[in-house]
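# Survey of secondary and tertiary structure
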Amino acid sequence: MTILALDLGFIIEKLIMIAIVVFASLGIALYTTFGERKVAAILQDRPGPSRAGPFGLLQPLADGLKLIMKEEIIPNAANKWLFILGPGLAMTASLMTCAVIPWGSAIDVFGRHVELQIADVNIGILYVFAVVSMGVYGIMIGGWASNNKFSLMSALRAASQAISYELAMGLALIALLMTTGSLSLKTIVEQQVQGHWWNIVYQPLGFLIFFITAMAECNRTPFDLPEAENELNFGYHQEYSSMKLGFYLFAEYINMIMSSAIMASMYFGGYDLPFFNEASVAPNIAAMIGVGTLLIKIVLFIFLFMWIRWTIPRFRYDQLMGLGWKTLIPLALFNMLLTGAVILAKL
Amino acid sequence: MQALTNKAQAVSRKPMTFLERLYLINIIKGMMITFSHMFKKQPTIRYPEQKREFSPVFRGLHVLNRDEDGRERCTACGLCAVACPAEAITMEAAERVEGEENLYREEKYAAKYEINMLRCIFCGLCEDACPKDAIYLSETFAPANFTRKGFIYGKPDLLIPNPKTEASAFAEAKGVEA
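Residues numbered from 1 in each chain as written. Chains lettered and ligands numbered in written order. Predicted model: local features only at pLDDT ≥ 70, side-chain atom pairs only at ≥ 80, totals over all residues.

## Here's the deal with the overall build of chain B
- The helix and strand tally for chain B stands at 6 helices and 5 strands.
- Starting at the N terminus, the α and β elements of chain B follow one another as α-α-β-α-β-β-α-β-β-α-α.
- Against the compact-globule benchmark of 16 Å for 178 residues, chain B has a radius of gyration of 28 Å, which places it well outside the compact range.
- Each principal axis of the C-alpha atoms in chain B carries an extent, and together these give about 95 × 45 × 30 Å.
- The buried share of chain B, taken over its 178 residues, is 15%. (Helix = DSSP H or I, 4+ residues; strand = E, 2+ residues; numbered from the N terminus. Rg over C-alpha atoms; globule rule 2.2 N^0.38 Å. Buried ≥ 20, exposed ≤ 12 C-beta atoms within 10 Å, placed from the backbone.)

Written out as structure tokens, the structure reads:
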């Protein structure tokens, strides 16, 4: 029974880590909504939310309270079970992604060696892909169960968009995985920590494709067609109210955080702080510096997401599909070919 | 068609170059523009703390004036009501009795003087029409109210405080509305 040979300490350690990661991502998502409004405001020469607390810092709490206090409305014609399942699924799928992200190297607490990663799955990035593509079920089910034509249309858009862009995303990743030779996120990050360069140096085109597709997967502007306000009223969450709507909105922000974390880990060295010798400080402090570094990288990516959102308008639907199928997939294939050729030439 | 001015510019119909079709450079240009706006001065006036200054000719809420002895100037002649294009002003006149000389300047005064602020268009014609300098438009505006009735301002709302008996309130009113 080696499979059950887990000691209690291990389980407690993982439970604590899961709790920390889940609540931290919820907290960050909460403040990402605030950051979104603040960034939008500053880019548009406005002050943004500034009334609740100092600098408006309590605004996300007020927003959350408002969402919780609102009346739960389930439309008569809606399929009740699926209507409730939809936001739950969207939230679960986006939170599950964080299981394989390496948040830091490792720390020693109470004589235990704790890896700062919930699960170092050897197919980590494949797992991320599987979970992310589940996220579209939340949108699909929610949109269909609302029994509203705009919601359904938006759900269809979301599904076709996700499928089109997942292809290019996967192809862009394959090129990266060819250079790393591993699917485990921990291994990929460790390679970058030990190696001289981050993966972005080897895969600039791959990163560009990955970044664009990640934006599309998160339903962020300029790819926010599933929630195009002026075409579809509000999109797949039109019939939702209260915290169910909150779950959808939150899931979107958590997706954004997770894709930022994955981009940081895969292409930008994860928890690696450049020009800093980790061996020069105590291992625990070095690990904490690593966590901070990853968080800073995530914040920078989130800012980039927002910055793009408040700069460029939405794509037209045929342009979106054309970009996905006619530009990104051939480009990703070309990138793959190029990487393969370079690897062969080096052998 | 002949152009009226020579300012018209022909629209360029030349096909986009490869770099333009790439779109990325233009996106980055756009992002630089939005980024530069982070350092611009915000034109926002944070309202309850900061207030926009009215121009000196702003026409706001009406004030019924008193003379230097604190007597009401209005004689209820009705010229303001006649001049009012929105028909917002109504009044009832009364005769001054013995012993009220310190209250009213002339023998006749307005016992009731009402302005409907929902009708008023703040044109200032009442101010022009008044032969006694009794009505002025101040620099404040009518605050929100819950009922329509609340917008009918009577004499207690309109009269300026008495400079003799309520000197501080008068100074305050002058300071805000001057």
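## Quick notes on the overall build of chain A
- In terms of helices and strands, chain A carries 12 helices and 2 strands.
- In sequence order, the secondary structure elements of chain A are arranged as α-α-α-β-β-α-α-α-α-α-α-α-α-α.
- In summary, chain A has a C-alpha radius of gyration of 21 Å against a globular reference of 20 Å for 347 residues, a match within 12%.
- With the principal axes as the frame, chain A shows a C-alpha extent of 60 × 55 × 50 Å.
- Residue burial in chain A is summarised as follows: out of 347 residues, 42% are buried.
- Excluding contacts between residues fewer than 6 apart, the proportion of contacts in chain A whose partners are at least 24 apart in sequence is 80%. (Contact = placed C-beta atoms within 7 Å.)

## Quick notes on the interface of chain B and chain A
- On the chain A side, the residues contacting the 11 residues of chain B number 11 residues.
- Per-class residue counts for the side of chain B that touches chain A are 4 nonpolar, 5 polar and 2 charged. (Nonpolar A, V, L, I, M, F, W, Y, C, P; charged D, E, K, R; others polar.)

## So, helix α3 (residues 80-96) of chain A
All names here are of chain A.
- Given a rise of 1.5 Å per residue, 17 residues ought to cover 24 Å, and the 24 Å separating the end C-alpha atoms of α3 matches this to within 8%.
- Of all the bends in α3, the greatest, near 25°, is centred on G86, and the proline P87 appears no more than four residues after it.
- Residues F83, G86, P87, L89, A90, M91, A93, S94 and L95 constitute the buried set of α3.
- As for α3, its buried residues are in contact with α1 (8-43), α4 (124-145) and α10 (242-267). (Expected span 1.5 Å × (residues − 1). Bend = angle between axes of the 7 residues up to and from the residue.)

## Some words on the nonpolar core
- Among the nonpolar cores identified, the biggest contains 84 residues, and A90(A), A168(A), A172(A), I254(A), I257(A) and A261(A) are the most heavily contacted of them.
- No other element matches the 15 residues that α10(A) contributes to this core.
- In this structure, A261(A) is in contact with I101(A), L294(A) and I298(A), ignoring residues within four places of it in sequence.
- Residues L64(B), M117(B), C130(B) and I160(B) belong to the second largest nonpolar core, which totals 20 residues. (Core = buried A, V, L, I, M, F, W, Y, C linked by C-beta atoms within 7 Å.)

## Describing the sheet that holds strand β3 (residues 108-116) of chain B
Residue and element names in this part refer to chain B.
- The sheet built from 3 strands is open, its strands ordered β2-β3-β5 with antiparallel pairing. Each having just a single partner strand, β2 (89-95) and β5 (152-153) make up the two edges of the open sheet.
- The sheet contact formed by β2 and β3 spans 7 bridges and is antiparallel. If you follow M91 over to β3, its bridge partner there is Y113. (Pairing = 2+ DSSP bridges.)

## What to know about unusual backbone geometry
Residue and element names in this part refer to chain B.
- Here the phi dihedral of F122 falls at roughly 55°; this positive angle occurs in a residue that is not glycine.
- The partly exposed category is assigned to F122, around which 17 C-beta atoms lie within 10 Å.
- One non-glycine residue, D133, lies in the positive phi region at around 55°.
- Structurally, D133 is set in the loop between α4 (125-129) and β4 (135-137).

## Points about the environment of V22(A)
All names here are of chain A.
- Note that V22 resides in helix α1.
- V22 gets classed as partly exposed once you count the C-beta atoms within 10 Å, which come to 16.
- Taking C-alpha positions, V22 is 28 Å from W310, a pair spaced 288 residues apart along the chain.

## Things to note about the packing of α1(A) against helix α11 (residues 283-309) of chain A
All names here are of chain A.
- At a minimum axis distance of 10 Å, the contact between α1 and α11 shows a crossing angle of 45°. By the angle class used here, α1 and α11 are oblique. Here α1 runs over α11; the crossing is right-handed. From α1, T32, G35, E36 and V39 reach across to α11, where they touch I302, F303, M306 and W307. (Axes fitted to C-alpha atoms, helices over the stretch in contact; angles between N-to-C directions. Parallel < 35°, antiparallel > 145°, perpendicular 65-115°, else oblique. Left-handed = near helix turned anticlockwise from the far one by under 90°.)

## Considering the confidence of the model for chain B
All names here are of chain B.
- In the predicted model, chain B carries a mean pLDDT of 85, and 97% of its residues have values of at least 70.
- When pLDDT is averaged over each helix and strand of chain B, the minimum, 70, is found for helix α6 (residues 167-177) and the maximum, 92, for helix α3 (residues 79-83).
- Scoring the predicted complex yields pTM 0.77 and, for the interface, ipTM 0.72. (pLDDT = per-residue confidence, 0-100.)

## Description of α1(A)
- For α1(A), which comprises 36 residues, the first-to-last C-alpha distance of 51 Å matches the rise-based estimate of 52 Å (1.5 Å per residue) to within 8%.
- Those residues of α1(A) that fall on the buried side of the exposure criterion are S25(A), A29(A), T32(A), F34(A), K38(A), V39(A) and L43(A).
- If you follow the buried residues of α1(A), they end up packed against α2 (59-69), α3, α10 and α11 of chain A together with α2 (24-36) of chain B.
- After α1(A) finishes, the residue D45(A) shows a positive phi value of roughly 60°.

## Examining the pairing of strand β2 (residues 112-115) of chain A
- Pairing between strand β1 (residues 106-109) of chain A and β2(A): 4 bridges, direction antiparallel. The partner of A106(A) across the bridge, within β2(A), is E115(A).

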